[in-house]
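# Structural overview for review
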Amino acid sequence: MTVIDQLKQMYPSIITRKPEDHKIFSDYVWFETNEMETIGIRHEELDAHSTELLSVFLTPVSLDQPAMTIREKNWSSLLQEGQWNGEIESPDSYRFVLFSIEDSSTDKEIVQEAFQSLFPQEMPILWKTDRDGFIIEEVFSEQQETLSFEGIPDVLMSDFYTKIQFFISEFSSDVKYAPFILEWSEDGARLAKERRLDSVVTYIDIMPYIYLDSLSVDKWQHIKRSVFQGIEQETDLLQTIRVFLESGSNTTLAAKKLYMHRNSLQYRVDKFIEKTGLDVKQFEGAVITYLALLNMDH
């Protein structure tokens, strides 16, 4: 008995084809099986709990999206089945740019056109849900410039009146690693959202949080007590130290960012060292303090 046959016993409304009538189509929640079969189950037969359970072994999908190009279909096949069509040229290198749109009602075709306009040539774009998906930035020559995402979310948010977050993976030159890189990036994007990080987060930005995420609550509480004992409520002091460290321990640069006199900032740094015993001017003390500060808001 197939998965679909088993599901039919629990959900009589299940269908395996997208209805032509859009009104009927919107009455269904859509999933994809491991065999890449698309199924729909009527909303009234599902609640939040059962939808969550189905999502464990089925992939939630949105069929209301632009038709896939040949390269998009090939990437989809690679990511799900591990197969790359040898007749299609593989890029010299590639990276995944995951995106998450706060408003799921935003027109996907318009969003996709906006994303494509950012690049000098057409890039594969695959949607996973009504609001999440990823761009595959392909590079075919050394002369091809890669996109800098600085400032792009602000421009797009002003166009669509909704928040858009990006997570950017590392570049890879071997397509066989693509499924693993995408999975790793999806975990990173989830963590970035949980931590309420910036609208553009890279694989480098997320690395400290991966270590922090593995800490148990008890261990984190002990670290917080041991590092910030006596100054936990001194938020101005802690913010000063964080900016100081994020400025590469450059006192002049940090003072400018904080609109503070250089001597005043130096006084706060010395005060922190005196109270904690951690010399943030030295590498080891800086690393320990910065990781702890990153976790303060979580």
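The structure contained in this document is the topic of the report that follows. Here the structure is a predicted model, which means the values were calculated and not measured.

Turning to the overall build of the chain, a few remarks are in order. For the chain, the helix and strand inventory stands at 13 helices and eight strands. Oriented by its inertia axes, the alpha-carbon framework of the chain measures out at about 70 × 50 × 35 Å. Within the chain, counting contacts between residues at least 6 apart in sequence, those at least 24 apart form 60% of the total. With an accessible surface of roughly 17,600 Å², the chain has 49% of that area assigned to carbon and sulfur atoms. Of the charged side chains in the chain, 28 are positive and 51 negative, and the gap between their average positions amounts to 7 Å.

A grouping of V3, V56 and F57 is seen on the molecular surface, where their side chains present a nonpolar patch of about 280 Å² in accessible area. Note on placement: V56 falls in helix α3 (residues 48-57). A relative accessible area of 69% means that V56 is categorised as exposed.

Quick look at the packing of aromatic side chains now. All told, the structure shown has 11 aromatic pairs when counted by the stated rule. Judged by centre distance (5.7 Å) and plane angle (85°), the rings of F96 and F134 are edge-to-face. Of this pair, F96 sits in strand β4 (residues 93-101) while F134 is found in strand β6 (residues 132-139), placing the two residues 38 residues apart along the sequence. When sorted by exposure, F96 lands in the same class as F134, which is buried.

Tallied over the full model, the rule gives 10 salt bridges. With its nearest N and O atoms 3.0 Å apart, the salt bridge here joins E194 to R190. Of this pair, E194 and R190 both sit in helix α7 (residues 178-194), four residues apart, roughly one helical turn. A residue is classified by how much of its surface remains accessible, and E194, at 38% relative accessible area, is partly exposed. Overall, R190 belongs to the partly exposed group, its relative accessible area being 38%. Between E234 and K275 there is a salt bridge, with the nearest N and O atoms lying 3.0 Å from each other. Pair noted here: E234 is in the loop between α9 (217-228) and α10 (235-246) and K275 is in helix α12 (residues 262-276), with a separation of 41 residues, a long-range link.

Turning our attention to unusual backbone geometry. For R196, which is not a glycine, the phi torsion comes out positive at approximately 55°. Accessibility expressed as a relative area gives 73% for R196, which makes it exposed. Phi at S249 is positive, roughly 60°, even though this residue is not glycine. Locating S249 in the fold gives a position in the loop between α10 and α11 (251-257).

This paragraph deals with the side chain of K224. Within the fold, K224 resides in helix α9. In this structure, K224 is in contact with Q229, E232 and M296, ignoring residues within four places of it in sequence.

Before going further, it helps to examine the sheet that holds strand β2 (residues 38-42). Across the sheet, three strands lie side by side as β2-β1-β3; this open sheet has antiparallel pairing. The open sheet has two free edges, formed respectively by β2 and β3 (59-60), since each of these has just one partner strand. Strand direction decides the pairing type here: strand β1 (residues 28-32) and β3, joined by two bridges, are antiparallel. Each residue of the ladder has a partner; that of F31, found in β3, is P60. Against the sheet, α3 makes contact with β1, β2 and β3, and its axis sits at roughly 20° relative to β1, the strand it touches most.

Burial within strand β7 (residues 164-168) is extensive, with four of its five residues counted as buried. As paired elements, β4 and β7 share five bridges and run antiparallel to each other. Paired with S100 across the bridge in β7 is Q165. Bridging between β7 and strand β8 (residues 200-202) involves three bridges; their strand directions are parallel.

Looking now at α10. In a regular helix each residue adds 1.5 Å, so 12 residues correspond to 16 Å; α10 covers 16 Å between its end C-alpha atoms and thus fits that length. Residues L237, L238, T240, I241, R242, V243, F244 and L245 constitute the buried set of α10. Looking at the buried positions of α10, the neighbouring elements they touch are α8 (203-213), α9, α11, α12 and α13 (283-294). One or two residues past the end of α10 sits G248, with phi positive at roughly 70°.

Definitions and limits used
As a convention, each chain's residues are numbered from 1 in the sequence order in which they are written. Totals for whole chains, interfaces and linings use every residue, but because this is a predicted model, local features are given only for residues with pLDDT of at least 70 and side-chain atom pairs only at 80 or more, for both listing and counting. Hydrogens and waters are ignored; side-chain quantities use all the structure's heavy atoms. Each helix is a run of DSSP H or I of at least 4 residues and each strand a run of E of at least 2, with the numbering of both proceeding from the N terminus. Only heavy atoms matter for contacts: two residues are in contact if any of them lie within 4.5 Å across the pair. Note that accessible areas follow from Shrake-Rupley with a 1.4 Å probe, and for residues the cover is restricted to the protein chains shown. Neither His nor the chain termini are counted; the positive set is Lys and Arg, and the negative set is Asp and Glu. In this description, the location of a charge corresponds to atom NZ of lysine, CZ of arginine, CG of aspartate or CD of glutamate. Patch membership is restricted to residues that have no salt bridge and whose relative accessible area is over 30%. Joining uses 9 Å for like charges and 5 Å for the nonpolar side chains Val, Leu, Ile, Met, Phe, Trp and Tyr. A side-chain nitrogen of Lys or Arg and a carboxyl oxygen of Asp or Glu constitute a salt bridge if their distance falls within 4 Å. Three exposure classes are used, based on accessible area relative to the maximum for each residue type with a 1.4 Å probe and protein chains only: buried under 20%, partly exposed in between, and exposed over 50%. Centres within 6.5 Å make a pair out of two Phe, Tyr or Trp rings, where for Trp the six-membered ring is used; the pair is then stacked when the planes are under 30 degrees apart, edge-to-face when over 60, and tilted otherwise. If DSSP finds at least two bridges between two strands, the strands pair. Every axis corresponds to a line fitted to the C-alpha atoms, with the helix fit spanning only the stretch in contact, and the corresponding angles, defined between N-to-C directions, vary from 0 to 180 degrees. Expected helix span is given by 1.5 Å per residue-to-residue step, counting one fewer step than there are residues.

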